[in-house]
Amino acid sequence: MLCASILGFLKISKNRSVEDIVILSGDHLYRMDYMAFVDHHRATNADISIGCLPMDEKRASDFGLMKINGEGRIIEFSEKPKGDALKAMQVDTTVLGLDAKKS
């Protein structure tokens with residue numbers, strides 16, 4: 001469904017000047033400051049930016065997790081990992097600007 005919506009938008013926006021497209025999933029947190037997100041995307045000259053939240057170990061296995069490198073680039077994705085696979089997905093989110101308490 002989401003893919004069809006995106007394709008539909010791309011068809012109607014072909015002849016328009018569109019700089020950025022923000023795609024939101026149904027379970028996305030709408031408390032996010034999207035303009036700050038887009039500004040950061042533009043400032044870093046990123047091809048794609050993905051918004052996500054840090055997750056505590058207790059709830060992490062209920063979600064898809066992204067592993068990032070020291071530059072904040074996604075290097076791996078795991079859908080609802082458990083056990084050793086969950087531990088392998090731990091990252092230092094301070095590279096994203098989060099303090100140790102939030103990360």
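This structure is a prediction, so every number in the text was calculated from the model and none was measured. (Residues numbered from 1 in each chain as written. Predicted model: local features only at pLDDT ≥ 70, side-chain atom pairs only at ≥ 80, totals over all residues. Heavy atoms only, no water.)

S.K.: Looking at this model, I keep getting lost on the overall build of the protein chain. Mind explaining?
M.R.: Counting its secondary structure elements, the protein chain contains 4 helices and 2 strands. Starting at the N terminus and walking to the C terminus, you meet the elements of the protein chain as α-α-α-β-β-α. The 103 residues of the protein chain split such that 13% are buried. Sequence separation of 24 or more characterises 21% of the internal contacts of the protein chain that already satisfy a separation of 6 or more. (Helix = DSSP H or I, 4+ residues; strand = E, 2+ residues; numbered from the N terminus. Buried < 20%, exposed > 50% of the residue type's maximum accessible area, 1.4 Å probe, protein only. Contact = heavy atoms within 4.5 Å.)

S.K.: Is there a simple way to explain the environment of Ile 6 in this structure?
M.R.: Relative to the helices and strands, Ile 6 resides in helix α1 (residues 2–12). When the C-alpha atoms of Ile 6 and Ile 23 are compared, they prove to be 8.0 Å apart, with 17 residues separating the residues in sequence.

S.K.: Could you clarify how one ought to interpret the confidence of the model for the protein chain in this entry?
M.R.: Low-confidence regions, as indicated by low pLDDT, have predicted coordinates that should not be scrutinised in detail. For the protein chain, mean pLDDT is 82; residues scoring 70 or higher make up 87% of the total. Ranking the helices and strands of the protein chain by mean pLDDT puts strand β2 (residues 74–79) first, with 93, and α1 last, with 74. (pLDDT = per-residue confidence, 0-100.)

S.K.: Sorry, what's going on with helix α2 (residues 34–43) here?
M.R.: A turn of α-helix holds 3.6 residues, and therefore any two residues three or four places apart point the same way. At the N-terminal end of α2, a side-chain oxygen is found 3.2 Å from the backbone nitrogen of Met 35, two or three residues along, and the residue is Asp 33. Immediately downstream of α2, the backbone of Asn 45 shows phi near 55°, a positive value. (Polar contact = N/O pair within 3.5 Å; in protein donor to acceptor, adjacent residues only side chain to side chain.)

S.K.: Is there a simple way to think about the side chain of Ser 61 in this case?
M.R.: Among the structural elements, Ser 61 can be located in the loop between α3 (57–60) and β1 (64–68). The exposure class of Ser 61 is buried, given its relative accessible area of 15%. Ignoring any residue separated from it by four or fewer positions in sequence, one finds Ser 61 in contact with Lys 80, Pro 81, Lys 82 and Leu 86.

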